[in-house]
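Residues per chain are reported as follows:
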Amino acid sequence: MKAGAGEPFRTPAVMLLFTCTAACAPAAPPPAPSPETSCIVADDAPRTRVTLGVTGTPDASAPAAGSRHIAAQLYETLIRVDCTGSLVSGLASTWSSADGLGWQFELAPGASFHDGTPVTAASVARAWANAGIPRLEEVAATGEYQLHVKLREPADARLFAHPSLSVARTGGGGWPAGTGVYVPAAGAGTLLLLDRADDAHAPDTIELRAVRGDARAAIDAGVDALVSGAADVVAYARARNDYSLAPLPWTRTYVLLTANGSAASPAAALDALARDAVRADARPASPPFWWTSCTAPDREPAVQATASGILYPRGDETARELAERIAALAWPSSRSPAWLRERLPSGYTLPRTAGVDSGAMSAALRAGTALAAIASVPRTPHEGCADAPALAAWPALPLIDTRDHLIHRAGVGRIHVDGYGTIRFGAR
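Only a predicted model underlies this, so the values are computations on that prediction, with no experimental measurement involved.

(A) Structural view of the overall build of the protein chain. If you tally the helices and strands in the protein chain, you get nine helices and 21 strands. Relative to its full complement of 428 residues, the protein chain shows a buried share of 50%. Counting only contacts in the protein chain whose residues sit at least 6 apart along the sequence, the fraction spanning at least 24 positions is 75%.

Structure follows, in structure tokens:
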């Protein structure tokens, strides 16, 4: 479809504003390793003002909530995970742990919060204490830039790249002060982000537009950048001559959970699921699968299913589409493909699908009150086995991987993507 052909997609847009002033730039940001070239998904001369389509708005009381693409411009973590899955410096220059419980960090000097307060080990300890983060048992400054952290349970260093461990300085109400390239400012119905790093690679002003429903409406409205994983949205943008597309990392794997885990799925079946079953940009699930080493020890004995429901996480459209396709393939059971029939118990009736929360899904699997379930697992985990609790109940058969695309026009400047598919404007 050419630009402007057919009926345009129209949905209401909520507009929020980012702006920049060089006068607000205090000390230079902490040094960080140069990113891999592959992690830069857009790189041109930035216009003064660009629009970014987003699907959520952060809450001032919980800045990690809402759209991760907004929070990434405001707040930073001690460690980052780049698009290759490698750990790189954030606010910390070095980190170490002997057992995964006790962690030592050396902060890079020179960083400061948006209000000009220097980032020190003591300020990080206060920030996390005020946030009340359950995973942290003890946080203490052992020097001006030396930080000691004790966790309640062992974890990989990737935990410290989780948005919930972003460093923010609260006080005075409103948005906590972060350390990112942009800073929020108060305003009725607006969110202002000021460029505080004098970053020549970042737009001076980013205007947020809330995307409701079909993201093709935002393209019709001329948004400068947005992230979408819907294949029809990607195809719509690709058909136009005023947008460029950059595929982001494969970030989710969808798995089928059943009591019997003995059968493998043939490649042709996974190809068909990736091609025909979902609207997302998908491929057959590709190993390695990190969770295989941590689910078996916690798994309870399989329970014979007493119902024919196929569950999926509520609100996950890709999981819903997969659940519906599996239900269609499973009935009638006499004509179900062998790889699926061998995983399902005999004697089930016409399968039904239902969206539930993750806790209800795990409970149903353990109790045997579901026939099967579709679960979504991050390809790069923040917290290891804790990122996929449902996998502890039944064996998992990987089905498909999914990813988003950055859709953008010229003039957005430099944009990086991390290992979780989150974009960040600017040079660092």
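(B) Representation of the state of the cysteines in the model. Inspection of every chain in the model, using the stated rule, returns one disulfide. There is a disulfide in this structure between Cys39 and Cys83, and the S-S distance comes to 2.1 Å. Judged by the torsion about the S-S bond (-90°), the Cys39/Cys83 disulfide is left-handed. Taken together, the residues span a long stretch of sequence, with Cys39 in the loop between strand E1 (15-17) and strand E2 (40-42) and Cys83 in the loop between strand E4 (79-81) and strand E5 (87-89) at a distance of 44 residues. Since its relative accessible area comes to 2%, Cys39 is described here as buried. What makes Cys83 buried here is its relative accessible area of 18%.

(C) Local environment of the sheet that holds strand E7 (residues 102-107). Strand order across the open sheet formed by four strands is E6-E7-E9-E8, with antiparallel pairing between neighbours. Strand pairing shows two members of the sheet lacking a second neighbour, strand E6 (92-96) and strand E8 (136-141), which therefore form its edges. Strand-to-strand, the axes of this sheet are offset by a mean angle of 20°, without reference to chain direction. As paired strands, E8 and strand E9 (residues 146-151) are joined by five bridges and run antiparallel to one another. If you follow Ala141 over to E9, its bridge partner there is Leu147.

(D) Representation of the confidence of the model for the protein chain. Across the protein chain, the average pLDDT comes to 83, with 83% of residues at 70 or higher. E7 holds the highest mean pLDDT among the elements of the protein chain, 98, whereas E1 holds the lowest, 40. Confidence drops under pLDDT 50 across residues 1-36; counting only partners more than four residues distant or on other chains, this segment forms 87 contacts.

(E) The nonpolar core, seen in detail. Ranked by internal contacts, the top residues of the largest apolar core, which has 28 residues, are Leu256, Leu322, Ile374, Leu399 and Ile400. Counting only elements with at least two residues in this core, the list comes to strand E14 (244-257), helix H5 (267-277), strand E16 (309-313), helix H7 (317-330), helix H8 (338-341), strand E18 (372-378) and strand E19 (396-408). By residue number, the principal contributor to this core is H7, which donates six residues.

(F) Molecular detail of the sheet that holds E2. Sheet architecture is open: three strands sit in the order E2-E20-E21, paired in antiparallel fashion. Looking along the sheet, the strands with just one partner apiece sit at the ends: E2 and strand E21 (423-425). Neighbour-to-neighbour, the strand axes of the sheet open up by a mean angle of 35°, direction not taken into account. Bridge analysis of E2 against strand E20 (residues 415-417) gives two bridges, and the strand direction is antiparallel. Across the sheet, residue Ile40 finds its bridge partner in E20, namely His416.

What counts as what
- Residues numbered from 1 in each chain as written.
- Predicted model: local features only at pLDDT ≥ 70, side-chain atom pairs only at ≥ 80, totals over all residues.
- Heavy atoms only, no water.
- Helix = DSSP H or I, 4+ residues; strand = E, 2+ residues; numbered from the N terminus.
- Buried < 20%, exposed > 50% of the residue type's maximum accessible area, 1.4 Å probe, protein only.
- Contact = heavy atoms within 4.5 Å.
- Disulfide = S-S within 2.5 Å.
- Pairing = 2+ DSSP bridges.
- Axes fitted to C-alpha atoms, helices over the stretch in contact; angles between N-to-C directions.
- pLDDT = per-residue confidence, 0-100.
- Core = buried A, V, L, I, M, F, W, Y, C linked by side-chain atoms within 4.5 Å.

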